[in-house]
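# A structural walkthrough
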Amino acid sequence: MPKIVDREEYRKEILLQSFELFARKGYEAVTMREIATASGVTTGTLYHYFPNKKALFEKLVELLCEEDLAIYRSSLRGDTALEGRIEHAFDIVEQNEDFYLKMLFVVVDFYRQQNTEGVANDEAIATIAERWKAEAVELTGIRDRRFLSFLMCFLNGLLLQRMLEGDKLSYREQYDIFRQMFVSYLESNSDLNHNWSL
């Protein structure tokens, strides 16, 4: 009897293997042949699933965004207050630091390899990013997209700084500083204050 293959699970495994390769070697250095070898498939099979490396990378970014949201969603406690949800985001990044650092490296490296015009016009990545933001708004309760972007800048910067400083830089201390900034922001934007509970 022929073996039944779950195509979506198979595709996901290939993407996860490519994630490890991209994180270790960089987007430009990794070949489709290497991805096929690491995934235990032929290059023909790999091309059956993904027509080229860029298409594979776009699917990888989509998967990483889904994984990111799934991590947050599955570990979300009963916090309904915005402050608790933001604190939770810091906890999740701390607990999954390796995953988030790899994700940051992979995406930054890909963009570094592209020309500015290509990145700005990358419709597939832009669509994925918009879907991620829309769901992140719902999960975090942050309705102000500028503030959501600021939170992401802060967390990404924190990841990079932790890479440089290691454990000397505490997630808890950084969250406390962020919280003070957040409260200050709400107090100076009274029209937002009534929408967000602390």
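Quick summary incoming for the structure in this document. (Residues numbered from 1 in each chain as written. Predicted model: local features only at pLDDT ≥ 70, side-chain atom pairs only at ≥ 80, totals over all residues. Heavy atoms only, no water.)

Moving on, we come to the side chain of T140. Relative to the elements of secondary structure, T140 occurs in helix α8 (residues 123-140). A polar side-chain atom of T140 sits 2.7 Å from the main-chain carbonyl oxygen of A136. Beyond its immediate stretch of four places on either side in the chain, T140 contacts Y72, L82, R85 and L148. (Helix = DSSP H or I, 4+ residues; strand = E, 2+ residues; numbered from the N terminus. Polar contact = N/O pair within 3.5 Å; in protein donor to acceptor, adjacent residues only side chain to side chain. Contact = heavy atoms within 4.5 Å.)

Our focus in this paragraph is the packing of aromatic side chains. All chains considered together, the criterion is met by 19 aromatic pairs. With a centroid separation of 5.4 Å and 55° between ring planes, the pair formed by F90 and F178 is classed as tilted. Placement of the pair is F90 in helix α5 (residues 82-95) and F178 in helix α10 (residues 171-188), with a sequence separation of 88 residues. Overall, the relative accessible area of 2% leaves F90 in the buried class. Pairing F110 with Y111 gives two aromatic rings, centres 5.5 Å apart and planes at 75°, and the pair type is edge-to-face. Here F110 falls in the buried class, since its relative accessible area comes to 0%. Connected via pairs of aromatic rings, a cluster forms that spans F90, F147, F150, F154, Y175, F178 and F182. (Phe/Tyr/Trp six-rings, centres within 6.5 Å; stacked < 30°, edge-to-face > 60°. Buried < 20%, exposed > 50% of the residue type's maximum accessible area, 1.4 Å probe, protein only.)

F22, I35, L46, L56, F57, I86 and F90 are the most contacted members of the largest nonpolar core, which has 57 residues in total. With 10 residues, helix α4 (residues 53-74) is the single largest residue contributor to this core. Each residue touching F22, except ones within four places of it in the same chain, is listed here: Y27, V30, I35, K53, L56, F57, L60 and V106. (Core = buried A, V, L, I, M, F, W, Y, C linked by side-chain atoms within 4.5 Å.)

Attention shifts here to α10. The terminal C-alpha atoms of α10, which comprises 18 residues, lie 25 Å apart, in line with the 26 Å expected from a rise of 1.5 Å per residue. Listed as buried for α10 are Y171, Q174, Y175, F178, F182, V183 and L186. One side-chain oxygen of the residue at the start of α10 lies 3.1 Å from the amide nitrogen of R172, identifying that residue as S170. (Expected span 1.5 Å × (residues − 1).)

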